[in-house]
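Spelled out from the first residue to the last, the chains are:
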Amino acid sequence: MKTVSEVEKLTGVSVRTLHHYHQLGLLPPTLITDAGYRLYDDTALRRLQTILLFRELQFPLKEIKAILDRPGFDPLEALQQQIELLELQKAHIEDLIALARSLKQKGVPAMNFKAFDTAAIDSYKEEVKEKWGKTEAYARYEEKAKGQSPEALQIAADGLMALFAELGSLKHLSPASAEVQSKVKELQNHITAHFYPCTDQILAGLGQMYTADPRFRKNIDAAGGEGTAEFAARAIAVFADR
(Lines give C-alpha, C1' and ligand atoms only; values in the text may rest on other atoms or scores of the structure.)
Protein backbone atom coordinates (compact mmCIF):
# COMPACT_ATOMS: atom_id res chain seq x y z
CA MET A 1 0.00 0.00 0.00
CA LYS A 2 1.16 3.53 -0.76
CA THR A 3 0.09 6.84 0.75
CA VAL A 4 -0.93 9.78 -1.43
CA SER A 5 2.51 11.34 -0.88
CA GLU A 6 4.23 8.16 -2.03
CA VAL A 7 1.95 7.95 -5.07
CA GLU A 8 2.75 11.57 -5.87
CA LYS A 9 6.50 10.85 -5.75
CA LEU A 10 6.13 7.70 -7.83
CA THR A 11 3.83 9.06 -10.53
CA GLY A 12 4.20 12.83 -10.52
CA VAL A 13 0.44 13.16 -9.97
CA SER A 14 -0.17 15.78 -7.32
CA VAL A 15 -1.97 15.06 -4.04
CA ARG A 16 -4.57 17.61 -5.10
CA THR A 17 -5.22 15.77 -8.37
CA LEU A 18 -5.48 12.42 -6.57
CA HIS A 19 -8.03 13.98 -4.22
CA HIS A 20 -9.97 15.29 -7.24
CA TYR A 21 -9.93 11.84 -8.86
CA HIS A 22 -11.23 10.42 -5.59
CA GLN A 23 -14.08 12.95 -5.44
CA LEU A 24 -15.09 12.09 -9.01
CA GLY A 25 -15.07 8.36 -8.24
CA LEU A 26 -12.45 7.97 -10.95
CA LEU A 27 -9.75 6.63 -8.63
CA PRO A 28 -11.05 5.70 -5.18
CA PRO A 29 -8.39 4.79 -2.62
CA THR A 30 -8.06 1.11 -1.87
CA LEU A 31 -8.34 1.86 1.84
CA ILE A 32 -8.98 4.87 4.05
CA THR A 33 -7.50 4.44 7.52
CA ASP A 34 -9.23 5.43 10.74
CA ALA A 35 -6.98 8.48 10.77
CA GLY A 36 -8.27 9.48 7.32
CA TYR A 37 -5.18 8.53 5.32
CA ARG A 38 -5.83 7.33 1.78
CA LEU A 39 -3.90 4.23 0.68
CA TYR A 40 -3.48 2.78 -2.82
CA ASP A 41 -2.55 -0.78 -3.78
CA ASP A 42 -1.07 -2.07 -7.07
CA THR A 43 -4.53 -2.48 -8.65
CA ALA A 44 -5.28 1.19 -7.98
CA LEU A 45 -1.91 2.20 -9.40
CA ARG A 46 -2.59 0.20 -12.57
CA ARG A 47 -5.93 2.01 -12.89
CA LEU A 48 -4.11 5.31 -12.41
CA GLN A 49 -1.69 4.38 -15.18
CA THR A 50 -4.61 3.70 -17.53
CA ILE A 51 -6.19 7.02 -16.53
CA LEU A 52 -2.96 8.90 -17.27
CA LEU A 53 -2.63 7.29 -20.70
CA PHE A 54 -6.17 8.35 -21.58
CA ARG A 55 -5.43 11.84 -20.26
CA GLU A 56 -2.37 12.04 -22.52
CA LEU A 57 -4.78 11.26 -25.36
CA GLN A 58 -6.96 14.17 -24.15
CA PHE A 59 -9.97 12.11 -23.09
CA PRO A 60 -12.18 14.03 -20.60
CA LEU A 61 -12.25 12.62 -17.07
CA LYS A 62 -15.98 11.86 -17.32
CA GLU A 63 -15.42 9.73 -20.42
CA ILE A 64 -12.44 7.95 -18.85
CA LYS A 65 -14.57 7.00 -15.85
CA ALA A 66 -17.33 5.68 -18.13
CA ILE A 67 -14.80 3.61 -20.07
CA LEU A 68 -13.08 2.11 -17.02
CA ASP A 69 -16.32 1.35 -15.16
CA ARG A 70 -18.07 -0.31 -18.07
CA PRO A 71 -18.84 -4.02 -17.52
CA GLY A 72 -16.57 -6.15 -19.66
CA PHE A 73 -13.85 -3.51 -19.88
CA ASP A 74 -10.66 -5.22 -21.05
CA PRO A 75 -7.48 -3.40 -19.89
CA LEU A 76 -5.29 -5.22 -22.43
CA GLU A 77 -7.53 -4.35 -25.36
CA ALA A 78 -7.78 -0.76 -24.12
CA LEU A 79 -3.98 -0.63 -23.89
CA GLN A 80 -3.69 -1.75 -27.52
CA GLN A 81 -6.13 0.97 -28.51
CA GLN A 82 -4.09 3.51 -26.55
CA ILE A 83 -0.94 2.39 -28.37
CA GLU A 84 -2.63 2.82 -31.74
CA LEU A 85 -3.91 6.27 -30.78
CA LEU A 86 -0.47 7.30 -29.56
CA GLU A 87 1.03 6.13 -32.84
CA LEU A 88 -1.52 8.25 -34.73
CA GLN A 89 -0.60 11.22 -32.55
CA LYS A 90 3.11 10.57 -33.17
CA ALA A 91 2.53 10.58 -36.94
CA HIS A 92 0.50 13.79 -36.59
CA ILE A 93 3.27 15.51 -34.62
CA GLU A 94 5.90 14.36 -37.13
CA ASP A 95 3.82 15.90 -39.92
CA LEU A 96 3.64 19.17 -37.99
CA ILE A 97 7.42 19.13 -37.42
CA ALA A 98 8.02 18.49 -41.12
CA LEU A 99 5.70 21.37 -42.03
CA ALA A 100 7.41 23.75 -39.58
CA ARG A 101 10.85 22.83 -40.93
CA SER A 102 9.64 23.35 -44.48
CA LEU A 103 8.28 26.78 -43.58
CA LYS A 104 11.56 27.69 -41.92
CA GLN A 105 13.63 26.59 -44.92
CA LYS A 106 11.44 28.37 -47.46
CA GLY A 107 11.18 31.51 -45.38
CA VAL A 108 7.63 32.14 -46.60
CA PRO A 109 4.30 30.77 -45.44
CA ALA A 110 2.99 27.85 -47.48
CA MET A 111 -0.76 27.39 -47.83
CA ASN A 112 -0.68 23.78 -46.66
CA PHE A 113 -2.98 22.85 -43.80
CA LYS A 114 -3.01 19.06 -44.23
CA ALA A 115 -0.64 18.59 -41.29
CA PHE A 116 -3.24 20.12 -38.97
CA ASP A 117 -5.87 17.53 -39.90
CA THR A 118 -6.68 15.35 -36.87
CA ALA A 119 -9.57 13.45 -38.48
CA ALA A 120 -7.84 10.07 -38.13
CA ILE A 121 -7.13 10.61 -34.44
CA ASP A 122 -10.62 11.94 -33.73
CA SER A 123 -12.20 9.05 -35.61
CA TYR A 124 -10.26 6.42 -33.68
CA LYS A 125 -11.11 8.13 -30.39
CA GLU A 126 -14.77 7.83 -31.31
CA GLU A 127 -14.24 4.11 -31.93
CA VAL A 128 -12.76 3.71 -28.44
CA LYS A 129 -15.68 5.61 -26.90
CA GLU A 130 -18.14 3.57 -28.96
CA LYS A 131 -16.45 0.39 -27.80
CA TRP A 132 -16.25 1.16 -24.08
CA GLY A 133 -18.16 4.35 -23.35
CA LYS A 134 -21.74 4.44 -22.17
CA THR A 135 -23.05 5.65 -25.49
CA GLU A 136 -26.61 5.04 -26.64
CA ALA A 137 -25.41 3.43 -29.88
CA TYR A 138 -23.19 0.94 -28.08
CA ALA A 139 -25.93 0.15 -25.57
CA ARG A 140 -28.27 -0.57 -28.48
CA TYR A 141 -25.61 -2.79 -30.06
CA GLU A 142 -25.26 -4.75 -26.81
CA GLU A 143 -29.02 -5.13 -26.64
CA LYS A 144 -29.16 -6.47 -30.20
CA ALA A 145 -26.14 -8.74 -29.67
CA LYS A 146 -27.66 -10.37 -26.56
CA GLY A 147 -30.65 -11.51 -28.54
CA GLN A 148 -28.67 -13.02 -31.42
CA SER A 149 -26.78 -16.26 -31.75
CA PRO A 150 -23.10 -16.29 -32.83
CA GLU A 151 -24.29 -17.61 -36.18
CA ALA A 152 -26.65 -14.67 -36.64
CA LEU A 153 -23.92 -12.20 -35.72
CA GLN A 154 -21.60 -13.85 -38.22
CA ILE A 155 -24.28 -13.62 -40.91
CA ALA A 156 -24.63 -9.89 -40.15
CA ALA A 157 -20.86 -9.41 -40.43
CA ASP A 158 -20.75 -11.40 -43.67
CA GLY A 159 -23.58 -9.26 -45.03
CA LEU A 160 -21.58 -6.14 -44.23
CA MET A 161 -18.56 -7.47 -46.11
CA ALA A 162 -20.81 -8.44 -49.03
CA LEU A 163 -21.96 -4.83 -49.28
CA PHE A 164 -18.33 -3.68 -49.39
CA ALA A 165 -17.71 -6.22 -52.14
CA GLU A 166 -20.60 -4.71 -54.10
CA LEU A 167 -19.22 -1.22 -53.52
CA GLY A 168 -15.85 -2.46 -54.78
CA SER A 169 -17.48 -3.61 -58.00
CA LEU A 170 -18.70 -0.03 -58.54
CA LYS A 171 -15.30 1.67 -58.26
CA HIS A 172 -15.42 2.53 -61.98
CA LEU A 173 -18.36 4.86 -61.23
CA SER A 174 -18.37 8.25 -59.55
CA PRO A 175 -18.84 8.08 -55.76
CA ALA A 176 -21.71 10.52 -56.27
CA SER A 177 -23.52 8.35 -58.82
CA ALA A 178 -27.05 7.21 -57.99
CA GLU A 179 -26.05 3.53 -58.02
CA VAL A 180 -23.18 4.06 -55.59
CA GLN A 181 -25.24 6.30 -53.30
CA SER A 182 -27.99 3.67 -53.24
CA LYS A 183 -25.43 1.12 -52.09
CA VAL A 184 -24.25 3.47 -49.33
CA LYS A 185 -27.85 3.73 -48.15
CA GLU A 186 -28.02 -0.08 -48.07
CA LEU A 187 -24.85 -0.06 -45.96
CA GLN A 188 -26.38 2.41 -43.51
CA ASN A 189 -29.59 0.37 -43.28
CA HIS A 190 -27.63 -2.84 -42.70
CA ILE A 191 -25.64 -1.32 -39.83
CA THR A 192 -28.85 0.02 -38.26
CA ALA A 193 -30.63 -3.32 -38.62
CA HIS A 194 -27.85 -5.51 -37.26
CA PHE A 195 -25.56 -3.39 -35.06
CA TYR A 196 -26.71 0.05 -33.83
CA PRO A 197 -28.67 3.09 -35.08
CA CYS A 198 -26.47 4.43 -37.88
CA THR A 199 -27.26 8.10 -38.23
CA ASP A 200 -25.72 10.17 -41.02
CA GLN A 201 -23.25 11.55 -38.47
CA ILE A 202 -22.20 8.10 -37.28
CA LEU A 203 -21.92 6.90 -40.88
CA ALA A 204 -19.66 9.87 -41.72
CA GLY A 205 -17.40 8.94 -38.81
CA LEU A 206 -17.29 5.33 -39.94
CA GLY A 207 -16.35 6.46 -43.44
CA GLN A 208 -13.32 8.29 -42.06
CA MET A 209 -12.41 5.27 -39.96
CA TYR A 210 -12.51 2.94 -42.96
CA THR A 211 -9.40 4.61 -44.37
CA ALA A 212 -7.75 5.90 -41.17
CA ASP A 213 -7.67 2.53 -39.40
CA PRO A 214 -5.40 -0.03 -41.13
CA ARG A 215 -7.54 -2.90 -39.85
CA PHE A 216 -10.71 -1.60 -41.50
CA ARG A 217 -8.89 -0.69 -44.70
CA LYS A 218 -7.37 -4.17 -44.95
CA ASN A 219 -10.66 -6.02 -44.39
CA ILE A 220 -12.69 -3.81 -46.70
CA ASP A 221 -10.08 -3.98 -49.47
CA ALA A 222 -10.01 -7.76 -49.04
CA ALA A 223 -13.76 -7.85 -49.62
CA GLY A 224 -14.00 -5.49 -52.58
CA GLY A 225 -10.50 -5.25 -53.99
CA GLU A 226 -7.73 -2.73 -53.46
CA GLY A 227 -9.01 0.82 -53.14
CA THR A 228 -12.47 -0.18 -51.94
CA ALA A 229 -12.04 1.38 -48.49
CA GLU A 230 -10.97 4.68 -50.03
CA PHE A 231 -13.83 4.57 -52.53
CA ALA A 232 -16.37 3.73 -49.81
CA ALA A 233 -15.10 6.60 -47.66
CA ARG A 234 -15.51 9.07 -50.53
CA ALA A 235 -18.98 7.75 -51.32
CA ILE A 236 -20.02 8.02 -47.67
CA ALA A 237 -18.68 11.59 -47.51
CA VAL A 238 -20.89 12.51 -50.48
CA PHE A 239 -23.86 10.77 -48.85
CA ALA A 240 -23.32 12.56 -45.52
CA ASP A 241 -22.94 15.97 -47.19
CA ARG A 242 -25.98 15.62 -49.42
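Relevant structure appears above.
A. Quick peek at the overall build of the protein chain. Along the protein chain, the regular secondary structure elements total 12 helices and three strands. When burial is assessed residue by residue, the protein chain has 36% of its 242 residues classed as buried. Across the protein chain, contacts joining residues at least 24 apart in sequence account for 62% of those joining residues at least 6 apart. When the accessible area of the protein chain is evaluated, it comes to approximately 14300 Å², of which 55% is carbon and sulfur surface.

B. Expanded view of helix α10 (residues 200-212). Compared with an ideal rise of 1.5 Å per residue, which puts 13 residues at 18 Å, α10 spans 18 Å between its outermost C-alpha atoms and is within 8% of the ideal. Restricting attention to buried positions, one finds in α10 the residues L203, L206, G207, M209, Y210 and T211.

C. A look at the environment of I83. By the element assignment, I83 lies in helix α5 (residues 75-106). The class for I83 is partly exposed, based on a relative accessible area of 36%. Sequence-wise, I83 and L53 are 30 residues apart; in three dimensions their C-alpha atoms are separated by 9.3 Å.

D. Highlighting the side chain of T211. Locating T211 in the fold gives a position in helix α10. In this structure T211 comes out as buried when scored by relative accessible area, which is 18%. At a separation of 3.2 Å, a polar atom in the side chain of T211 contacts the main-chain carbonyl oxygen of Q208.

E. Local environment of helix α11 (residues 214-224). Burial in α11 covers these residues: I220, D221 and G224. The arc that holds every buried residue of α11, seen down its axis, measures 100°, which confines them to one face. Exposed residues lying more than 90 degrees from the buried face of α11 are P214, K218 and A222. Where α11 ends, the next residue or the one after it, G225, has phi of about 95°, a positive value.

F. Layout of the packing of aromatic side chains. The final tally for this structure, using the stated rule, is three aromatic pairs. For the pair F164 and Y210, a centre-to-centre distance of 5.2 Å together with 90° between the ring planes defines the contact as edge-to-face. Residue F164 is found in helix α8 (residues 150-168), and its partner Y210 is found in helix α10; the two are separated by 46 residues along the sequence. Here F164 and Y210 have matching classes, each one buried. Counting every residue linked through ring pairs, the aromatic cluster contains F164, Y210 and F216.

G. Up close: the packing of α10 against α11. Here α10 crosses α11 at 85°, and the two axes come no closer than 5 Å. If you check the angle between α10 and α11, you find them roughly perpendicular. The segment α10 lies against α11, with M209, Y210, T211 and A212 engaging P214, F216, R217 and I220. Among the residues making up the contact of α10 with α11, the classes are represented as six nonpolar, one polar and one charged.

H. Here's a closer look at the sheet that holds strand β1 (residues 2-3). Spatially, the three strands line up as an open sheet ordered β1-β3-β2, and their pairing is antiparallel. Looking at the sheet topology across the chains shown, the edges are occupied by β1 and β2 (31-32). Sheet topology note: the β1/strand β3 (residues 38-40) ladder contains two bridges and is antiparallel. Within the sheet, the bridge partner assigned to K2 lies in β3 and is Y40. Here helix α2 (residues 15-24) sits on the sheet in contact with β2 and β3, set at roughly 90° to β3.

I. Region of the structure containing a nonpolar patch on the surface. A grouping of L76, L79 and I83 is seen on the molecular surface, where their side chains present a nonpolar patch of about 280 Å² in accessible area. Residue placement: L76 occurs in helix α5. For L76, a relative accessible area of 67% puts it in the exposed group.

Definitions and cut-offs
Residues numbered from 1 in each chain as written. Predicted model: local features only at pLDDT ≥ 70, side-chain atom pairs only at ≥ 80, totals over all residues. Heavy atoms only, no water. Helix = DSSP H or I, 4+ residues; strand = E, 2+ residues; numbered from the N terminus. Buried < 20%, exposed > 50% of the residue type's maximum accessible area, 1.4 Å probe, protein only. Contact = heavy atoms within 4.5 Å. Areas by Shrake-Rupley, 256 points an atom, 1.4 Å probe, with all protein chains shown as cover. Expected span 1.5 Å × (residues − 1). Polar contact = N/O pair within 3.5 Å; in protein donor to acceptor, adjacent residues only side chain to side chain. Arc of directions from axis to C-beta. Phe/Tyr/Trp six-rings, centres within 6.5 Å; stacked < 30°, edge-to-face > 60°. Axes fitted to C-alpha atoms, helices over the stretch in contact; angles between N-to-C directions. Parallel < 35°, antiparallel > 145°, perpendicular 65-115°, else oblique. Nonpolar A, V, L, I, M, F, W, Y, C, P; charged D, E, K, R; others polar. Pairing = 2+ DSSP bridges. Patch = residues over 30% accessible without salt bridge, like charges linked within 9 Å, V, L, I, M, F, W, Y side chains within 5 Å. Salt bridge = Lys/Arg side-chain N within 4 Å of Asp/Glu carboxyl O.

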